[in-house]
Amino acid sequence: MIYFIEQCLNGVQLGMLLFLLAAGLTLVFGIMDLVNLAHGSLYMLGAYFAATLVAWTDSFLLGVPLALAATLVVGMAVEVIAMRRLYGRDHLDHVLGTFGLLLFFTELVRLVWGPAGMTLPLPPQMLTAVQVIPGVYYPLYRLVIILAALAVAVLLYVLVMRTRLGMLIRAGASNRVMLGALGVNVTLLYTFVFALGAALAALAGVMAGPIFTVESGMGESVLISAFVVIVIGGIGSIRGAFIAALLVGIVDATGRAYLRPLMAVFMSSSAAANAGPALASMSIYILMAAILFVRPQGLFPPRGR
């Protein structure tokens, strides 16, 4: 039971990272109708900026906000220079254009930081475990990830549903032409939304940096999982992204922990050693197919979609 609880917590922690990445991605698509394959590059840049700035400042708490600010500026520049030329065009143009940006940033990172990976060290205070329930200890930093992502989810909800800016964001998703006719600067609104998405991706990269290696191309594999999350949750839905991220994280973590020993009951150990990890890596796609079979538009499709 203790092992199961630990794996569920690992799943929640993974889900919270995926939510941060998927929230920015679904915001950009839901508001701007833009398929952004370069979103994972912003995740990667956030991790690289954090690793560099933490080393320069010798402070994790100072380097992290500086990394978020740097990625936000990069996101604004990308929106102004490249993304504005893709608005209103076919989704295939979005895919081709943002795939080119993905390749550009991958090579830029190799040119600036080199092909070798980097580490993002944690403060000593974070290298401890805390007792979450009697008998179950969990790394403090992973709990910080969960709590920080929950705080971001609440702030996003308040921003989108309870503020004037959120009202404009929702109006832009429904009818951007009418919003512009009412005197709202839609171009500036798009820049803000894209920059917000970039900051969320960077935050996910910063939090993942101490757990995984900071390396070139690190955003490409996690971007696939983020797309799975927004498809399951409903494209353009923040609430759907949150619920779907939790589902995907828990299914992935428990699948990798239990499928191999479970399959060893029905087949030889060598066959289970091969089939178990393969089936575990497929589990989130099986989950997506099952949910889409029942709800083709996802769990919480936005109104009007």
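To keep things clear, this report deals only with the structure shown in the data block. For clarity, every value in this text was computed on a predicted model and none was experimentally measured.

1. Remarks on the overall build of the chain
Then, in step 1: On a plain count of helices and strands, the chain comes out with eleven helices and two strands.
Then, in step 2: If you list the helices and strands of the chain from N to C, you get α-α-α-α-β-β-α-α-α-α-α-α-α.
Then, in step 3: Its C-alpha atoms give the chain a radius of gyration of 20 Å, near enough to 19 Å, the size a compact globule of 305 residues would have.
Then, in step 4: With respect to the principal axes defined by its C-alpha atoms, the chain has extents near 65 × 50 × 35 Å.
Then, in step 5: Across the chain, every contact between residues at least 6 apart in sequence was considered, and the portion connecting residues at least 24 apart equals 77%.
Then, in step 6: Of the roughly 14,700 Å² of accessible surface on the chain, 70% is carried by carbon and sulfur atoms.
Then, in step 7: Averaging the positions of the 15 positive and the 10 negative side-chain charges in the chain gives two centres separated by 13 Å.

2. Things to note about the side chain of Ser283
Then, in step 1: Position of Ser283 relative to the elements: it lies in helix α11 (residues 269-294).
Then, in step 2: Apart from residues lying up to four places away in sequence, Ser283 is in contact with Val251 and Asp252.

3. Some words on unusual backbone geometry
Then, in step 1: One non-glycine residue, Asp33, lies in the positive phi region at around 55 degrees.
Then, in step 2: Inspection of the secondary structure assignment puts Asp33 in the loop between α1 (2-32) and α2 (39-57).
Then, in step 3: On the basis of relative accessible area, Asp33 is assigned to the partly exposed category, the value being 29%.
Then, in step 4: The residue Asp58 is not glycine, and still its phi comes out positive at about 60 degrees.
Then, in step 5: Exposure remark for Asp58: the relative accessible area of 71% places this residue in the exposed category.

4. Description of the packing of aromatic side chains
Then, in step 1: Tallied over the full model, the rule gives seven aromatic pairs.
Then, in step 2: Ring centres 6.2 Å apart and planes at 50 degrees place the aromatic pair Phe4 and Tyr258 in the tilted group. On the criterion of sequence distance, the pair formed by Phe4 in helix α1 and Tyr258 in helix α10 (residues 238-264) is long-range, its members being 254 residues apart.
Then, in step 3: In this structure Phe4 comes out as partly exposed when scored by relative accessible area, which is 39%.
Then, in step 4: Classification of Tyr258 by relative accessible area gives partly exposed; the value is 31%.
Then, in step 5: Between Phe104 and Phe105, the ring centres sit 5.3 Å apart and the planes meet at 70 degrees, which makes this aromatic pair edge-to-face.

5. Topic: the layout of surface pockets
Then, in step 1: Counted as a void, the second largest pocket has a volume near 530 Å³.
Then, in step 2: If you list the elements that add at least two residues to the lining of the second largest pocket, you get α1, α9 (218-233), α10 and α11.
Then, in step 3: Here the residues of the lining of the second largest pocket are counted per class, giving 13 nonpolar, five polar and four charged.

6. Section: α2
Then, in step 1: Along its 19 residues, α2 runs 27 Å from first to last C-alpha, staying within 8% of the 27 Å computed at 1.5 Å per residue.
Then, in step 2: Buried residues dominate α2, accounting for 16 of its 19 residues.
Then, in step 3: Backbone geometry just downstream of α2 places Asp58 in the positive-phi region, at approximately 60 degrees.

7. Structural notes on a nonpolar patch on the surface
Then, in step 1: A cluster of nonpolar side chains, contributed by Met1, Tyr3, Phe4 and Tyr258, occupies part of the molecular surface with about 450 Å² of accessible area.
Then, in step 2: Relative to the helices and strands, Met1 is located in the segment before α1.

8. Here's the deal with the pairing of strand β2 (residues 136-139)
Then, in step 1: Alternating positions in β2 separate cleanly, Val136 and Tyr138 being buried on one face and Tyr137 and Pro139 remaining unburied on the opposite face.
Then, in step 2: Bridging between strand β1 (residues 129-133) and β2 involves four bridges; their strand directions are antiparallel. Within β2, the position partnered with Val130 by the bridge is Tyr138.
Then, in step 3: Between β1 and β2, which pair antiparallel one after the other, the connecting turn spans two residues, and Gly135 there sits at a positive phi close to 90 degrees.

9. Re the nonpolar core
Then, in step 1: By size, the foremost hydrophobic cluster in this structure holds 86 residues, and its most contacted members are Phe19, Leu20, Leu156 and Ile232.
Then, in step 2: Contacts of Phe19, omitting those with residues within four sequence positions, involve Ala149, Ala153, Leu156, Ile238, Ala241, Phe242 and Ala245.

10. Remarks on the packing of α2 against helix α8 (residues 186-208)
Then, in step 1: Direction vectors running N to C along α2 and α8 enclose 55 degrees, while the axes themselves pass 7 Å from each other. Classified by the interaxial angle, the pair formed by α2 and α8 is oblique. Taken as a pair, α2 and α8 cross one another with a handedness that is right-handed. Residues His39, Leu42, Tyr43, Gly46, Ala47 and Ala50 of α2 lie in contact with α8, whose contacting residues are Phe194, Gly197, Ala198, Ala201, Ala202, Ala204, Gly205, Val206 and Ala208.
Then, in step 2: When its residues are assigned to classes, the contact of α2 with α8 shows eleven nonpolar, four polar and no charged.

Parameters and conventions
- Residues numbered from 1 in each chain as written.
- Predicted model: local features only at pLDDT ≥ 70, side-chain atom pairs only at ≥ 80, totals over all residues.
- Heavy atoms only, no water.
- Helix = DSSP H or I, 4+ residues; strand = E, 2+ residues; numbered from the N terminus.
- Rg over C-alpha atoms; globule rule 2.2 N^0.38 Å.
- Contact = heavy atoms within 4.5 Å.
- Areas by Shrake-Rupley, 256 points an atom, 1.4 Å probe, with all protein chains shown as cover.
- Lys, Arg positive; Asp, Glu negative; His and termini not counted.
- Charge placed at Lys NZ, Arg CZ, Asp CG, Glu CD.
- Buried < 20%, exposed > 50% of the residue type's maximum accessible area, 1.4 Å probe, protein only.
- Phe/Tyr/Trp six-rings, centres within 6.5 Å; stacked < 30°, edge-to-face > 60°.
- 1 Å grid on protein atoms, 1.4 Å probe; cavity = no way out; pocket = protein on both sides within 12 Å on 5 of 7 lines; lining within 4 Å.
- Points joined across faces, edges and corners; volume = space filled by probe spheres on them.
- Nonpolar A, V, L, I, M, F, W, Y, C, P; charged D, E, K, R; others polar.
- Expected span 1.5 Å × (residues − 1).
- Patch = residues over 30% accessible without salt bridge, like charges linked within 9 Å, V, L, I, M, F, W, Y side chains within 5 Å.
- Salt bridge = Lys/Arg side-chain N within 4 Å of Asp/Glu carboxyl O.
- Pairing = 2+ DSSP bridges.
- Core = buried A, V, L, I, M, F, W, Y, C linked by side-chain atoms within 4.5 Å.
- Axes fitted to C-alpha atoms, helices over the stretch in contact; angles between N-to-C directions.
- Parallel < 35°, antiparallel > 145°, perpendicular 65-115°, else oblique.
- Left-handed = near helix turned anticlockwise from the far one by under 90°.

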